[in-house]
Amino acid sequence: MAQKLDGKLVAAAIKDDLRLRVARLRQTGVEPGLGTILVGDDVGSRKYVAGKHADCAEVGIRSIAVELPGSASRAEILEQMERLNSDSSCTGYIVQLPLPKGVDSNAVIERINPSKDADGMHPYNLGELVLHIDGGDSSPQPCTPRGIITLLSHYNIDLSGKEVCVLGRGITVGRTIGLMLAARGVDATVTLCHTGTRDVHELMRRADVVIAAMGSAGFVKPEDVKPGAVLVDVGVSRVYDEEAGRYRVKGDIDLGCREVCSAYTPNPGGVGPMTRAMLLTNVVEMAERRMNAANDLAV
Ligand SMILES: Nc1nc(=O)c2c([nH]1)NC[C@@H]1CN(c3ccc(C(=O)N[C@@H](CCC(=O)O)C(=O)O)cc3)C=[N+]21
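Residues numbered from 1 in each chain as written. Predicted model: local features only at pLDDT ≥ 70, side-chain atom pairs only at ≥ 80, totals over all residues. Heavy atoms only, no water.

An unreviewed UniProt entry lists the protein under the name Bifunctional protein FolD, with Bifidobacterium bohemicum DSM 22767 given as the organism. Recorded in UniProt under Sequence similarities (unreviewed entry), the annotation for the protein is "Belongs to the tetrahydrofolate dehydrogenase/cyclohydrolase family." Recorded in UniProt under Pathway (unreviewed entry), the annotation for the protein is "One-carbon metabolism; tetrahydrofolate interconversion." (UniProt positions renumbered as here; feature names shortened; annotations may be inferred.)

As structure tokens, then:
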């Protein structure tokens, strides 16, 4: 029987640790605060942001919710960002994506103060990721890739020398996770597959670990999986379930693959909760850096 890599369980343990660290920060007069900027009223986005605030409450992080109508201009979004950039009670924040059509999200992300970039997606922090071959913990890291690597490491899945096949070249996972997997200390060998890849089935089939982040429901089939491989399912598609008469989340990896692999992340309950736990971790670490910087000045 394949092992389930339980993201919900590991995320809960991480939150227990963060709760203690937040209490310690408070004792020294630093209160971590997460800001969220939500533009428009997409049901999914609203739900995700609400989940992030609930997570904050669980570990004692203050949360600051900013909402703008879907008609908000880039200037109006930037104005709210400036407010959070200079608000000392906000130690980190995110701008929930996707933004309304017509607003260039790269141009928006660029305006986050990099030291408050809870998603780890500001160009400065992405640059830090490129520069630090040894990993490094001086800047926030993208939450989903970090969540995946933390989950595998929690289950003692050693990536050193392993062949990892990443499916999908999106900004949140595909394009960044390779840098983290190939960092010294992790030492995986990474192949990034996308719609232009010629032999994607062959590349999946030879991989020790498959990380599927393309958003194509059930793309990875049992015959694509090497016996004993480790499967990480990032994709989220909402597919109508005839039997149940409602929509449900379907990942990129066909459930039949569980008969072939040695370990898999459930979806939901795998990468999603880990992503959220890493967002909180980034916020706490940013507050800790702030505290350490203040201590250094005091010496
Ligand atoms: N600036 C920004 N940062 C993000 O991190 C970001 C974003 N924008 N836009 C949207 C995506 C999506 N995302 C999810 C995180 C956790 C779950 C999660 O915890 N899902 C649960 C299931 C929740 C459900 O029932 O739908 C699970 O996988 O078990 C889902 C989705 C973060 N995103």
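More follows now that the structure is in view.
1. Details of the overall build of the protein
Helices and strands together make up the secondary structure of the protein, namely nine helices and eleven strands. A compact globule built from 299 residues should have a C-alpha radius of gyration of about 19 Å, and the protein, at 20 Å, falls within 12% of that. Based on the C-alpha atoms only, the size of the protein along its principal axes is roughly 55 × 45 × 35 Å. Buried positions account for 49% of the 299 residues belonging to the protein. Counting only carbon and sulfur atoms, one obtains 52% of the accessible surface of the protein, whose full area is about 14,800 Å². Averaging the locations of the 34 positively and 38 negatively charged side chains of the protein gives two centres separated by 2 Å. (Helix = DSSP H or I, 4+ residues; strand = E, 2+ residues; numbered from the N terminus. Rg over C-alpha atoms; globule rule 2.2 N^0.38 Å. Buried < 20%, exposed > 50% of the residue type's maximum accessible area, 1.4 Å probe, protein only. Areas by Shrake-Rupley, 256 points an atom, 1.4 Å probe, with all protein chains shown as cover. Lys, Arg positive; Asp, Glu negative; His and termini not counted. Charge placed at Lys NZ, Arg CZ, Asp CG, Glu CD.)

2. A look at the side chain of Thr-281
Within the secondary structure layout, Thr-281 lies in helix α9 (residues 271–298). The class for Thr-281 is buried, based on a relative accessible area of 6%. With residues near it in sequence (within four places) discarded, Thr-281 still touches Ile-14, Leu-18 and Arg-146. (Contact = heavy atoms within 4.5 Å.)

3. Some words on the state of the cysteines
For the coordinates displayed, the defined rule picks out zero disulfides. The closest cysteine sulfur to the non-disulfide-bonded Cys-90 is located on Cys-56, 10 Å from its own sulfur. Residue class for Cys-90 comes out buried when judged on its relative accessible area of 0%. With no disulfide of its own, Cys-143 lies 12 Å from the sulfur of Cys-56, the closest cysteine sulfur. With a relative accessible area of 6%, Cys-143 lands in the buried category. (Disulfide = S-S within 2.5 Å.)

4. Topic: the side chain of Thr-197
Tracing the chain through its elements places Thr-197 in the loop between β6 (189–193) and α8 (200–206). Relative accessible area serves as the criterion here: at 19%, Thr-197 is assigned to the buried category. Engagement of the side chain of Thr-197 in a polar contact is seen with the backbone nitrogen of His-194, the distance being 2.8 Å. The contacts of Thr-197, once residues within four sequence positions are left out, are Leu-192 and Leu-203. (Polar contact = N/O pair within 3.5 Å; in protein donor to acceptor, adjacent residues only side chain to side chain.)

5. Considerations on the UniProt feature "binding site: NADP(+)" (unreviewed entry) in the protein
In the numbering adopted here, UniProt assigns the feature "binding site: NADP(+)" (unreviewed entry) to Gly-168, Arg-169, Gly-170 and Val-236. Position of Arg-169 among the secondary structure elements: in the loop between β5 (163–167) and α7 (174–181). Setting aside anything within four residues of it in sequence, one finds Arg-169 in contact with Gly-174, Arg-175, Leu-192, Cys-193, His-194, Thr-195 and Gly-196. At 3.3 Å, the side chain of Arg-169 forms a polar contact with the side chain of His-194. Locating Val-236 in the fold gives a position in the loop between β8 (230–233) and β9 (237–241).

6. Side note on the packing of aromatic side chains
What the rule picks out here adds up to one aromatic pair. Between Tyr-240 and Tyr-247 the ring centres are 5.2 Å apart and the planes differ by 70°, which places this aromatic pair in the edge-to-face class. Given a relative accessible area of 56%, Tyr-247 falls into the exposed group. (Phe/Tyr/Trp six-rings, centres within 6.5 Å; stacked < 30°, edge-to-face > 60°.)

7. Re α7
Of all eight residues making up α7, six are buried, and the element is well covered by its neighbours. Every buried residue belonging to α7 is among Gly-174, Thr-176, Ile-177, Gly-178, Met-180 and Leu-181, and all of these are buried. Here the buried face of α7 lies against α5 (123–131), α6 (143–154), β5, β6 and β7 (209–212).

8. Quick notes on empty space enclosed by the protein
Enumeration according to the criterion identifies one cavity of 30 Å³ or more in this entry. Taken together, the residues that form the lining of the largest cavity break down as two nonpolar, seven polar and two charged. (1 Å grid on protein atoms, 1.4 Å probe; cavity = no way out; pocket = protein on both sides within 12 Å on 5 of 7 lines; lining within 4 Å. Points joined across faces, edges and corners; volume = space filled by probe spheres on them. Nonpolar A, V, L, I, M, F, W, Y, C, P; charged D, E, K, R; others polar.)

9. A closer look at the sheet that holds strand β2 (residues 33–39)
Across the sheet, three strands lie side by side as β3-β2-β4; this open sheet has parallel pairing. Across the chains shown, the open sheet's two edge strands, defined by having one partner strand only, are β3 (62–68) and β4 (92–95). With strand direction ignored, the average angle separating the axes of adjacent strands in the sheet is 15°. Looking at chain direction, β2 and β4 are connected through four bridges and run parallel. Across the sheet, the residue bridging to Leu-34 is Gly-92, located in β4. Packing against the sheet, helix α3 (residues 74–86) makes contact with β2, β3 and β4, and its axis sits at approximately 165° to β3. (Pairing = 2+ DSSP bridges. Axes fitted to C-alpha atoms, helices over the stretch in contact; angles between N-to-C directions.)

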